[in-house]
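The residues making up each chain are set out below.
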Amino acid sequence: MLKRFFNCYITLLFCAATLLAQTIQAQISGTVKDANTKQVIPFANIILGNNLGIIADINGTYSIPSEYTPLQITISSMGYQTLHLNPSSLILNPNIELQPMLYQLDEVKVRPSKNPALSIMEQVVANAPKNNPNNYPSFSCILYHKLVFDFDTYEKTNTDQQINNKPENTSYLMLIESVSEKKHLKKGKDKETVISGRVSGLKTPTIASLSAQLQPFSFYEPTVQLLDFAYLNPASEAGLKNYLFTLSDTLLDAKGDTIFYLTYKPRPNKNIRGLTGSFHIHANTNAIQTVTSQTIGGEGGLTLSINQNYQQHTSGLWFPHQLESTLHIAAKSASPSIPRPLIGKGKSYVTAINTNPQFNPRDFDNVQFEDISRANDSLIMISYRNEPLTLKDSVTYYKLDSIGKQKHLDAMVNMQLSMIKGYVPMGVLQLQLNKLLDYNHFEGLRLGLGLYTSPKLSKNFTTGGYFAYGFKDKNWKYGTSLDITPLKNKENKIILAYKDDVNSTGSVTFIDGINQRSAEAYGRFTTKTMDLNKEATLGTEFRWLYYLKTGVYYKQGRTEPTEVYRFSNTSTITPAFDYSQIEIKTKWAYIETFSNTAIGRISNGTAWPLLWVNGTWGETTNANQLNDSYQRIDIQTEQTIRYASTMFSRIRLLGGQLFGTTNPSLLYSALGTHSNFDLFVPNKFATMRPNEFAS
């Protein structure tokens with residue numbers, strides 16, 4: 001009996017050992033997390049011995065293939081203490097937690113040989129043209145985006161940690177999903193269209209495109225555009241000189257390819273808007289396989305970190321596979337103020353990559369990003385969803401959709417978006433905000449009202465009018481207009497307008513005018529000399545050749561000067577005169593691109609110079625029935641030069657020439673802004689009084 005029992009026991013031990021060995025040899029899968037915050041750590045290095053290793057994905061998930069039987073596993077990541085584990089411990093608990101470093105190691109200086117990490121990055125930069133997706137021949141892909149916002153509830157105190165267990169933390173503050181289709185024809189010819197979306201609390205996905213705009217598709221451009229700021233890319237020519245690179249590890253992947261793990265940070269005393277993070281570099285192709293980046297400090301209380309994971313396509317080309325963004329908003333920086341910091345976490349997945357699509361070149365124009373999600377059913381997004389909704393996601397939609405319906409959040413969001421565009425919606429009408437209140441030295445305080453039709457009435461025309469009263473000049477002003485946009489491109493329009501208003505003497509205006517949200521618009525506050533002006537306009541504006549916008553106008557009116565011009569030799573006011581003129585205005589902006597979003601069309605800018613040209617042919621008739629003819633040409637060019645540092649230079653050249661006999665009010669004389677109070681206005685002379693000189 002005892003012998004049989006012993007034999008059975010030995011057999012049981014043998015079976016257990018066999019099962020344990022099989023378990024070790026089976027695939028081990030788990031997640032790498034921060035031991036304190038429990039947040040996943042993307043792209044952690046998992047070394048299995050003899051430099052064989054794998055890289056955790058963007059979600060911190062890893063899988064050790066069954067053919068590996070290491071004696072020890074080493075896990076490391078930038079900013080964390082290296083961890084050594086026995087493989088058997090991973091079988092019992094495959095989830096790995098790394099302890100953050102409490103201090104930074106001193107910089108390692110390698111002498112006299114060259115820094116090997118810098119040599120690797122030089123090869124990355126040299127091979128960037130062939131590895132940059134923006135330089136590839138035509139391709140298309142689908143991107144699924146998910147963005148959640150929530151309070152940052154992690155603190156080191158026990159009291160704050162208990163916040164995570166409160167009932168309100170069963171849902172997010174906001175959840176946004178969207179699907180976009182990206183088409184690429186050649187360098188500079190891209191079109192990303194948000195085709196479907198869903199926003200928690202809203203019936204229509206008004207702001208769904210936000211999740212698709214947090215980070216770039218490629219990490220090879222000279223600057224990395226995050227939010228509204230441009231950061232110097234470490235993987236660029238200028239980046240090689242301004243960043244310190246460190247080779248932290250080298251491993252071999254399952255294919256036997258060598259992977260270099262590098263970290264980077266700005267060099268000391270370098271005046272740059274920099275990033276800090278890490279790279280995994282594929283040695284055979286010198287391509288970026290993973291990249292992590294975090295902004296240093298904070299831009300007005302905002303801190304953004306991004307993670308990108310690239311995979312090699314069957315064509316041999318490298319494409320982004322997973323993109324992740326984390327936006328930290330400090331409590332004091334938010335407006336209105338919030339009780340705790342906010343965290344926004346975004347994920348994007350790139351799928352359905354087609355490296356041989358058939359495109360019609362006419363489908364590509366200067367609009368590189370367009371949101372049409374409001375025109376499509378959100379069910380389209382469900383079919384492209386890369387990961388199922390979690391319980392917290394579902395609860396978020398359920399709770400916020402109920403609140404949104406009860407509190408009419410759609411109306412509130414649409415109101416805010418309209419106000420950003422300068423209007424207050426009122427059904428089929430909209431109130432123009434810039435007509436309500438204004439000020440200048442000539443009119444003093446100016447109060448008024450402007451009402452125009454809204455897109456609810458028609459998207460093919462806008463009509464309406466305004467009136468205003470100046471408390472200093474004690475005059476009423478009014479105007480009316482009709483803009484007809486029959487084509488899909490709303491920049492092509494027909495203009496009918498009439499105004500009885502004041503006009504700044506000697507001013508020069510170009511097509512598109514001045515952005516009213518820019519500091520340059522403040523120049524109107526210092527205006528001292530104005531003429532009464534009655535004017536009727538018939539015109540058209542259109543865009544052609546992608547980058548050339550043109551306006552043709554016929555104007556007829558009457559100008560009545562109101563003051564003795566400072567630069568005139570006479571002590572009497574110049575008599576009123578009638579005029580008729582033809583104007584042609586053009587703007588050339590080579591490779592300028594735009595984004596069509598919920599707040600309208602936004603220019604992405606261009607690295608090339610901007611050029612404006614005006615041509616005017618006119619005739620004047622004064623009270624004595626004397627006719628004079630004149631011609632006028634105005635030229636303006638502007639160039640923005642960005643440096644590796646946080647600085648940039650913007651240079652503007654403006655010139656004009658007036659031919660023929662003209663009234664003094666048509667002379668150039670409105671470049672000064674010196675006044676009783678100091679106000680900096682870009683592109684104006686702060687030491688010259690308004691209309692002090694004329695030419």
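In this text the structure is predicted, and so the values were computed from the model without any measurement. (Residues numbered from 1 in each chain as written. Predicted model: local features only at pLDDT ≥ 70, side-chain atom pairs only at ≥ 80, totals over all residues. Heavy atoms only, no water.)

A. Seen up close, the overall build of the protein chain. Scanning the protein chain from terminus to terminus reveals nine helices and 35 strands. By residue count, 43% of the 695 residues in the protein chain fall in the buried class. Nonlocal contacts in the protein chain, meaning residues at least 24 apart in sequence, comprise 60% of its contacts between residues at least 6 apart. When the accessible surface of the protein chain is totalled, it reaches about 36,800 Å², and 57% of it is carbon and sulfur. (Helix = DSSP H or I, 4+ residues; strand = E, 2+ residues; numbered from the N terminus. Buried < 20%, exposed > 50% of the residue type's maximum accessible area, 1.4 Å probe, protein only. Contact = heavy atoms within 4.5 Å. Areas by Shrake-Rupley, 256 points an atom, 1.4 Å probe, with all protein chains shown as cover.)

B. The sheet that holds strand 1 (residues 28-34), seen in detail. On the basis of which strands lie adjacent, the open sheet formed by three strands has the order 4-1-7 and mixed pairing. In this open sheet, the two edge strands, each paired with only one partner strand, are strand 4 (61-64) and strand 7 (96-98). Adjacent strand axes in the sheet meet at a mean angle of 30° when their direction is disregarded. Bridge count between strand 1 and strand 7: three bridges; the pairing is parallel. For Lys33, the partnering residue across the bridge sits in strand 7 and is Glu97. (Pairing = 2+ DSSP bridges. Axes fitted to C-alpha atoms, helices over the stretch in contact; angles between N-to-C directions.)

C. A look at helix 8 (residues 391-407). If you check helix 8, its first and last C-alpha atoms are 24 Å apart, about what 17 residues at 1.5 Å a residue would give, namely 24 Å. Elements that come into contact with the buried residues of helix 8 comprise strand 8 (139-151), strand 9 (174-186), strand 10 (189-199) and helix 9 (409-420). Looking one or two places after helix 8, you find His408, whose phi comes out positive at around 55°. (Expected span 1.5 Å × (residues − 1).)

D. Inspection of the environment of Val199 at higher detail. Within the secondary structure, Val199 sits in strand 10. Each C-alpha atom of the pair Val199 and Ile176 lies 4.6 Å from the other, and the pair is 23 residues apart in sequence. The residues touching Val199, leaving out its near neighbours within four places in the chain, are Leu175, Ile176, Pro205, Thr206, Ile207, Ala208, Tyr397 and Asp401.

E. Spotlight on the packing of aromatic side chains. Counted under the stated rule, the structure contains 22 aromatic pairs. Ring centres of Tyr136 and Phe319 lie 5.3 Å apart, and the angle between their planes is 70°; this geometry places the pair in the edge-to-face category. Taken together, the positions of Tyr136 in the loop between helix 4 (128-131) and strand 8 and Phe319 in strand 18 (residues 318-329) put the pair 183 residues apart, joining distant regions of the chain. Comparing Tyr136 with Phe319 shows no difference in burial state: the two are buried. Where Phe577 meets Tyr579, the ring centres are 6.4 Å apart and the plane angle is 55°; that geometry is what we call tilted. Using a relative accessible area of 3% as the deciding quantity, one classes Phe577 as buried. Note on Tyr579: relative accessible area 7%, which makes it buried. Each member of the aromatic cluster is reached from another via a ring pair, and the members are Phe219, Tyr243, Phe245, Tyr264 and Phe279. Positioned over the ring face of Tyr466 is Lys435, at 4.0 Å from the centre of the ring. (Phe/Tyr/Trp six-rings, centres within 6.5 Å; stacked < 30°, edge-to-face > 60°. Lys NZ or Arg CZ within 6 Å of the ring centre and 35° of its normal.)

F. Fine view of the nonpolar core. Core analysis: the biggest nonpolar cluster contains 50 residues, and Met121, Phe219, Phe245, Tyr264, Leu275, Phe279 and Ile288 have the highest contact counts within it. Broken down by element, this core gets its largest block of residues, six residues, from helix 3 (residues 116-126). (Core = buried A, V, L, I, M, F, W, Y, C linked by side-chain atoms within 4.5 Å.)

G. Up close: the pairing of strand 32 (residues 600-605). With five bridges joining them, strand 31 (residues 593-597) and strand 32 adopt antiparallel strand pairing. Bridge pairing in strand 32 links Thr597 to Gly600. Where strand 31 hands over to strand 32, the hairpin turn is made up of two residues, counted between the paired strands.

H. Up close: the confidence of the model for the protein chain. Looking at the protein chain as a whole, its pLDDT mean stands at 84, while 88% of the residues score no less than 70. Under a pLDDT of 50 for its full length, residues 156-165 has, in the predicted model, 11 contacts with residues more than four places off or in other chains. (pLDDT = per-residue confidence, 0-100.)

I. Local environment of the pairing of strand 26 (residues 475-484). Summarising the sheet, strand 25 (residues 461-470) and strand 26 pair through 10 bridges and their orientation is antiparallel. Note on strand 26: the bridge partner recorded for Gly465 is Thr480. Taking the residues between adjacent antiparallel strands as the criterion, strand 25 and strand 26 are bridged by four residues, where Lys474 takes a positive phi near 55°. Two strands pair when backbone bridges link them, and strand 26 and strand 27 (residues 493-504) are joined in this way by seven bridges, in the antiparallel orientation. Residue Asp483 lies in a different strand from strand 27, and its bridge partner there is Ile495.

J. Fine view of the pattern of salt bridges. Summed over all chains, the structure comprises 27 salt bridges. In this structure, the salt-bridge partner of Glu370 is Lys191, at a minimum N-O distance of 4.0 Å. Residue Glu370 is located in strand 20 (residues 367-371), and its partner Lys191 is located in strand 10; the two are separated by 179 residues in the primary sequence. Looking at Glu370, the relative accessible area reads 22%, which means it is partly exposed. A salt bridge links Asp578 to Arg558, with the nearest nitrogen and oxygen atoms 3.0 Å apart. On the criterion of sequence distance, the pair formed by Asp578 in strand 30 (residues 577-589) and Arg558 in strand 29 (residues 548-561) is long-range, its members being 20 residues apart. Judged by relative accessible area, which is 33%, Asp578 ranks as partly exposed. What emerges from the salt-bridge pattern is a single network uniting Glu491, Asp512, Arg543, Lys549, Lys587 and Arg601. (Salt bridge = Lys/Arg side-chain N within 4 Å of Asp/Glu carboxyl O.)

K. Expanded view of a positive patch on the surface. There is a patch of like positive charges on the surface, built from Arg374, Lys421, Lys459 and Lys490. As for its placement among the helices and strands, Lys459 is situated in the loop between strand 24 (444-453) and strand 25. A relative accessible area of 63% places Lys459 in the exposed class. (Patch = residues over 30% accessible without salt bridge, like charges linked within 9 Å, V, L, I, M, F, W, Y side chains within 5 Å. Lys, Arg positive; Asp, Glu negative; His and termini not counted. Charge placed at Lys NZ, Arg CZ, Asp CG, Glu CD.)

L. Inspection of the environment of Lys130 at higher detail. Topologically, Lys130 is positioned in helix 4. Between the C-alpha atom of Lys130 and that of Ala287, which follows or precedes it by 157 residues, the distance is 9.1 Å. Once residues within four sequence positions are removed from consideration, Lys130 is found in contact with Tyr136 and Thr285. Reaching out from Lys130, the side chain makes a polar contact with the side chain of Asn127 at a distance of 3.2 Å. (Polar contact = N/O pair within 3.5 Å; in protein donor to acceptor, adjacent residues only side chain to side chain.)

M. Seen up close, helix 9. Between the first and last C-alpha of helix 9 there are 17 Å, a value that for 12 residues agrees with the 16 Å anticipated at 1.5 Å per step. Among the residues of helix 9, those classed as buried are Asp410, Val413, Leu417 and Ser418. Projection of helix 9 onto a plane perpendicular to its axis shows the buried side chains occupying an angular sector of 135°, all on one side. Elements that come into contact with the buried residues of helix 9 comprise strand 21 (423-426). (Arc of directions from axis to C-beta.)

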